[in-house]
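Observations on the three-dimensional arrangement
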Amino acid sequence: ENTVTIEVTAPDGETKKTYTLTVTKSGSKNNNLSSLEVVGYSIVPNFHKAITFYTVEVANNIHSVVIQATAEDSNATIEENGFQPIETGENYFDIVVTSEEGTKKTYTILVTKEANDNNYLSSLYTDVGVLDPSFDKETLSYEVTVPYTTNEITIGGSKEDSKAVVTGFNTYTLQEGENNFSVVV
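These remarks concern the structure in this document. Everything numeric here is computed off the predicted structure, so don't read it as measured data. (Residues numbered from 1 in each chain as written. Predicted model: local features only at pLDDT ≥ 70, side-chain atom pairs only at ≥ 80, totals over all residues. Heavy atoms only, no water.)

**Overview of the overall build of the chain**
A tally of regular secondary structure across the chain gives zero helices and 12 strands. In the chain, the succession of helices and strands from N to C terminus is β-β-β-β-β-β-β-β-β-β-β-β. Here the chain has a C-alpha radius of gyration of 34 Å; the compact-globule value for 185 residues is 16 Å, and the former is much larger. Overall size of the chain, expressed as C-alpha extent along the three principal axes, is 130 × 30 × 20 Å. Put simply, the chain has 185 residues, and 25% of those count as buried. Considering only residue pairs separated by 6 or more positions, the chain has 44% of its internal contacts joining residues 24 or more positions apart. (Helix = DSSP H or I, 4+ residues; strand = E, 2+ residues; numbered from the N terminus. Rg over C-alpha atoms; globule rule 2.2 N^0.38 Å. Buried < 20%, exposed > 50% of the residue type's maximum accessible area, 1.4 Å probe, protein only. Contact = heavy atoms within 4.5 Å.)

Written out as structure tokens, the structure is:
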């Protein structure tokens, strides 16, 4: 706020009138970024202040990214700048730029973390009999011998990666002779 005072003196030299003019300068409406990056990665497309959606892909062993955004106007504020944890799949980050005057503009970065390729079991067991050979995550074929009187077998276990999908853990009816069952991770 700026105040300007104007004083007018009449020709008699004594009569005065004072005018006051108050000038209020509104805040900047500039809510643009001058730069945006995911440190160490290339965003697609290349940054331009008029483009508000970007993508970047990272490897599965990456657990966080650093987003660096700079406003064109030093009086603007930025939300979602800095360290950001990520999970496998799509991670959306909204970088909100608020101008000095209060208008908002949102830039979005989609960080895609590739899926883990871990398809190992951490254990494999049956409710009857003994695995031969003993369980080893690198061994893919096992044999189990059960008594003739056994009619069912339950195959179970656990996976190394909690997000992996396993089929084949189940209870199976046995036929006399060789029975083959598959567990797929």
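**What about the pattern of salt bridges?**
Going through the model one piece at a time under the given rule, you end up with three salt bridges. Close ionic contact of Lys 49 with Glu 72 constitutes a salt bridge, the shortest N to O distance being 3.1 Å. Within this pair, whereas Lys 49 is found in the loop between β3 (33-38) and β4 (53-58), its partner Glu 72 is found in the loop between β5 (64-71) and β6 (77-79), the two being separated by 23 residues in sequence. When its relative accessible area of 33% is taken as the criterion, Glu 72 is described as partly exposed. As a salt-bridge pair, Glu 160 and Lys 137 come within 3.1 Å of each other at their nearest N and O atoms. Within this pair, whereas Glu 160 is found in the loop between β11 (152-159) and β12 (170-173), its partner Lys 137 is found in the loop between β10 (121-126) and β11, the two being separated by 23 residues in sequence. (Salt bridge = Lys/Arg side-chain N within 4 Å of Asp/Glu carboxyl O.)

**Looking at the side chain of Asn 31**
By the secondary structure assignment, Asn 31 is in the loop between β2 (16-23) and β3. Using a relative accessible area of 13% as the deciding quantity, one classes Asn 31 as buried. There is a polar contact of 3.4 Å between the side chain of Asn 31 and the backbone oxygen of Lys 104. In this view, Asn 31 contacts Val 97, Ser 99, Thr 103, Lys 104, Lys 105 and Tyr 107; residues no more than four positions away in its chain are not counted. (Polar contact = N/O pair within 3.5 Å; in protein donor to acceptor, adjacent residues only side chain to side chain.)

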